[in-house]
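Residue strings, one per chain:
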Amino acid sequence: MTQAINDVVDPVAAVEVVDPVGVANAVVAPLVATPVVVAPIVAEAVENWEDGIDFEVDHHSKWVRGELEVTKGGWFKYERETKLQGLPIDIHQKHYCELFSKVYGSDATNQVNVLLDHGAGPFTNLGKRFSCDYEGAPPDVKGLTDRQVVAVDPLAPMYHGILTQGKVFNTLRTAYCPSEELTKCIGHNTVDFAVIINALDHSKAPLAAFVESLKTVRVGGISCVYTLLNEASSMGGAGFHQWDFKSNESSEWIIENFKSKAQHNVDNTIRPYASRIPMHVDTEGQDLFCYKKIDQVPP
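Residues numbered from 1 in each chain as written. Predicted model: local features only at pLDDT ≥ 70, side-chain atom pairs only at ≥ 80, totals over all residues. Heavy atoms only, no water.

1. Let's talk about the packing of aromatic side chains
Aromatic ring pairs: the centre-centre distance and the angle between the two ring planes describe each pair. On inspection of all chains with the given rule, the structure shows 11 aromatic pairs. Where Y96 meets F193, the ring centres are 5.3 Å apart and the plane angle is 45°; that geometry is what we call tilted. Remark: F193 occurs in strand β5 (residues 191-197) and Y96 occurs in helix α4 (residues 90-104); sequence separation between them is 97 residues. Their ring planes at 5° and their centres at 4.9 Å tell us that W253 and F289 sit as a pair that is stacked. (Phe/Tyr/Trp six-rings, centres within 6.5 Å; stacked < 30°, edge-to-face > 60°. Helix = DSSP H or I, 4+ residues; strand = E, 2+ residues; numbered from the N terminus.)

Dropping the structure here:
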């Protein structure tokens, strides 16, 4: 799951962005959504979440077919062509390589071997294999190359239909897994790095989903969320946009339900087993929340 087309800040001007999503008309086999099991850490979840599926899938179908005007030039043309080749999107590649350098230094090549992209949509932003061997990369992570990428999404069965119809066979296809159930699909302590890119706020229960990502990460590993801020408010609660992400005065990550206005302080909730890693995003209205796992997550 990725974002709606009118959510996106133009990266040509803003430099750092996330990938777009919008509306199209797909001819795809219908998906019967599997109910999401919400972790006990938070009972609040979006009702009728499945109502947003068509909104999400329609765009990806048109995007793959190259029918969206926005993908015919500029950064979005680059993004589409890069993903269709199974290569990493440069802005995300740079963010995470800089993160690995900051946290692990020269030991990054030993610390990062398996990367999980959940809520990945049809295409992971990390590429078929992940590498930090690019021009301008921090020298201490240059040797971090050819690393395993695992990509999952709750709408994967529908995305497989879109890719097959579009004759797209050169990408890492996502496997089925809701973020709220990651440990059922990935296991506990099995990956070094997890990320969800502008999709956690589209989840049925985002706090539960993020805690699940921390369970999949080993102690010493990292889980991140790249997101637009207050997206539900800017979208008027349309489709999957039911949660606002924001920072409070103490720069702590806050999740707010668009309808009920109930808030959850993520930093306070996960403090016993995860510590915040300060990261900077230049683009206004976007943020990157990253946490290093310091202890096992309670059941």
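So that's the structure; there's more coming.
2. With respect to the nonpolar core
In terms of nonpolar packing, the biggest core is built from 27 residues, with Y96, L99, F100, F130 and F193 touching the most fellow members. Among the elements of the structure, α4, β5, β6 (217-228) and β11 (286-293) are those that each provide at least two residues to this core. Per element, the largest residue contribution to this core is 5 residues, and it comes from α4. Those residues within four positions of F193 in sequence are excluded, and the remaining contacts are Y96, L99, F100, V114, L115, L116, I222 and C224. In this structure, F210, L214, I255 and F289 belong to the second largest nonpolar core, which totals 20 residues. (Core = buried A, V, L, I, M, F, W, Y, C linked by side-chain atoms within 4.5 Å. Buried < 20%, exposed > 50% of the residue type's maximum accessible area, 1.4 Å probe, protein only. Contact = heavy atoms within 4.5 Å.)

3. Description of the pattern of salt bridges
For the coordinates displayed, the defined rule picks out 11 salt bridges. Residue R129 pairs with D146 through a salt bridge whose shortest N-O separation is 2.9 Å. On the criterion of sequence distance, the pair formed by R129 in strand β2 (residues 129-130) and D146 in the loop between β2 and β3 (147-153) is long-range, its members being 17 residues apart. With relative accessibility at 37%, the residue R129 sits in the partly exposed group. With its nearest N and O atoms 3.4 Å apart, the salt bridge here joins R271 to E252. (Salt bridge = Lys/Arg side-chain N within 4 Å of Asp/Glu carboxyl O.)

4. Regarding the state of the cysteines
By definition, a disulfide links two cysteine residues through a covalent bond between their sulfur atoms. Applying the stated criterion across every chain, the model contains 3 disulfides. A sulfur-sulfur separation of 2.0 Å characterises the disulfide bridge that pairs C97 with C132. With the S-S bond torsion at -95°, the cross-link from C97 to C132 turns out left-handed. Of the two residues, C97 is situated in helix α4 and C132 in the loop between β2 and β3; the sequence distance between them amounts to 35 residues. The pair formed by C97 and C132 is uniform in burial state, with each residue classed as buried. Paired through a disulfide, C224 and C290 show a sulfur-sulfur distance of 2.1 Å. The S-S bond linking C224 to C290 shows a torsion near 115°; that makes this disulfide right-handed. Note that C224 is positioned in strand β6 and C290 in strand β11, a separation of 66 residues in sequence. Across the pair, C290 and C224 agree in class, each one buried. Counting only the cysteines that take part in disulfides, in the order they occur along the protein, gives the pairing 1-2, 3-4, 5-6. (Disulfide = S-S within 2.5 Å.)

5. Remarks on the environment of C132
With a relative accessible area of 0%, C132 lands in the buried category. In this structure, the C-alpha to C-alpha distance between C132 and Y96, residues 36 residues apart in sequence, is 8.6 Å. The contacts of C132, once residues within four sequence positions are left out, are C97, F100, A137, V141, K142 and L144.

Purely geometric numbers; function is a separate question.
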